[in-house]
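Working through the structure, step by step
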Amino acid sequence: MEFPFDINHLFPERFSILDQTLVAGRKTAGMPHLQANIETVIDELGRASAKAQQLPASITSASKLQSQKHQLYLLKDVESNGGRGVVVGFLKVGYKKLFLLDRQGSHVEAEPLCILDFYIAENLQRYGYGRELFDFMLQHKKLKPVLMAYDRPSPKFLSFLAKHYCLTPSVPQANNFVVFEGFFVNISVAQ
Ligand code: ACO
């Protein structure tokens, strides 16, 4: 995904972690144009992800990120676009309190890290970038994929999880979240 400004200047590292402050590994206070460009990138990525998932509205935007305690991992490619860099995709995570059903149908209350949004630019899908970004997040969070919950995963994402992390089948839930066998091993049963 190309932008009319220098992505390598905006995001110095291959991976950036953005939070409520929208800071990408640097202090943007006193540099409002950098902050505005970061907002443009997040809004554009959110729109593209919603379109790819055929959602009526974006679930990721700069204003949403500023108001929620979520983290957004961003992957760029340094060399493309004449050395200005391109944004390859993003992954958004956050903790959520969930009421889940285990394999026996017992109610379990948990607050796992959830995958909330995930998108790789259309022309770059199926080149391993999604795996690279997901692995970076797992390493940063020191987590295994089976211990996470997945918010309304798309068919492509379910295929991704089955292929790379052998996550299948899931334990049926009454909400939009998907969890897999093994999730409940370290969770205390509420009821
Ligand atoms: N059709 C089916 N499976 C796909 C497709 C596709 N078009 N694209 C990727 N996959 C799955 C397959 O398992 C594929 O393996 P295969 O090529 O051997 O079949 C595997 O992902 C490829 O792995 P990567 O190259 O590492 O993944 P990629 O860089 O394509 O990123 C992602 C995966 C993020 C799901 C990407 O395809 C994408 O952005 N899709 C559109 C948006 C989307 O559906 N996001 C998930 C939303 S749900 C949520 O965030 C909770």
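Read on for a plain summary of the structure. (Residues numbered from 1 in each chain as written. Predicted model: local features only at pLDDT ≥ 70, side-chain atom pairs only at ≥ 80, totals over all residues. Heavy atoms only, no water.)

Points about the pattern of salt bridges
If you walk through the whole model with that rule in mind, you get five salt bridges. When the shortest N-O distance is used, the salt bridge between Glu109 and Lys97 registers 3.6 Å. Here Glu109 is found in strand S5 (residues 107-110), whereas its partner Lys97 is found in the loop between strand S3 (86-95) and strand S4 (98-101), with twelve residues between them in sequence. Residue Glu109 is classed as partly exposed on the basis of its relative accessible area, which comes to 34%. Residue Lys97 is classed as exposed on the basis of its relative accessible area, which comes to 54%. In this structure, Arg103 and Glu181 form a salt bridge, with 2.4 Å as the shortest nitrogen-oxygen distance. Here Arg103, found in the loop between S4 and S5, pairs with Glu181, found in the segment after strand S9 (177-180); they are 78 residues apart in sequence, far enough to count as distant. Looking at Arg103, the relative accessible area reads 41%, which means it is partly exposed. (Salt bridge = Lys/Arg side-chain N within 4 Å of Asp/Glu carboxyl O. Helix = DSSP H or I, 4+ residues; strand = E, 2+ residues; numbered from the N terminus. Buried < 20%, exposed > 50% of the residue type's maximum accessible area, 1.4 Å probe, protein only.)

Side note on the sheet that holds strand S6 (residues 113-120)
Taken in spatial order, the seven strands line up as S1-S2-S3-S6-S7-S9-S8 in an open sheet, and their pairing is mixed. Of all the strands in the sheet, the pair left with one neighbour each is strand S1 (15-18) and strand S8 (170-171). Relative to strand S2 (residues 71-77), S1 runs antiparallel, the two sharing four bridges. Considered in S2, the bridge of Ile17 is made with Tyr73. Running at roughly 110° to S6, helix H5 (residues 155-165) makes contact with S6, strand S7 (149-151) and S9 of the sheet. (Pairing = 2+ DSSP bridges. Contact = heavy atoms within 4.5 Å. Axes fitted to C-alpha atoms, helices over the stretch in contact; angles between N-to-C directions.)

Section: unusual backbone geometry
For residues that are not glycine, phi is negative in most cases, and the peptide bond is trans in most cases. For the peptide bond that leads from Thr168 to Pro169, omega is -5°, which places it in the cis range. By the element assignment, Pro169 lies in the loop between H5 and S8. Here Gln54, not a glycine, exhibits a phi torsion of approximately 55°, which is positive. Within the fold, Gln54 resides in the loop between helix H2 (32-52) and helix H3 (62-67). The class for Gln54 is exposed, based on a relative accessible area of 72%. Phi at Arg152 takes a positive value of approximately 50°, unusual for a residue other than glycine. In this structure, Arg152 sits in the loop between S7 and H5. Since its relative accessible area comes to 53%, Arg152 is described here as exposed.

What to know about the site of the ligand
In the neighbourhood of the ligand, 24 residues make up the surrounding shell, with Phe118, Gly128, Ser154, Ser159 and Lys163 lying closest. Interatomic distance of 2.7 Å between a backbone N/O atom of Gly128 and an oxygen atom of the ligand. When the free accessible area of the ligand is taken as 950 Å², the share hidden by the protein chains comes to 85%. Going through the elements one at a time, S6, helix H4 (129-141) and H5 are the ones with two or more residues in the shell around the ligand. With six residues, H5 is the largest single contributor of residues to the shell around the ligand. For the shell around the ligand, a count of residues per class yields ten nonpolar, seven polar and seven charged. (Near = heavy atom within 4 Å. Polar contact = N/O pair within 3.5 Å; in protein donor to acceptor, adjacent residues only side chain to side chain. Areas by Shrake-Rupley, 256 points an atom, 1.4 Å probe, with all protein chains shown as cover. Nonpolar A, V, L, I, M, F, W, Y, C, P; charged D, E, K, R; others polar.)

Quick look at the packing of aromatic side chains
With the rule as written, the count across this model stands at 14 aromatic pairs. Ring geometry for Tyr150 versus Phe180: centroids 5.7 Å apart, planes at 75°, classification edge-to-face. In this pair, Tyr150 sits in strand S7 while Phe180 sits in strand S9, placing the two residues 30 residues apart along the sequence. This pair shows no difference in class: Tyr150 is buried, exactly as Phe180 is. (Phe/Tyr/Trp six-rings, centres within 6.5 Å; stacked < 30°, edge-to-face > 60°.)

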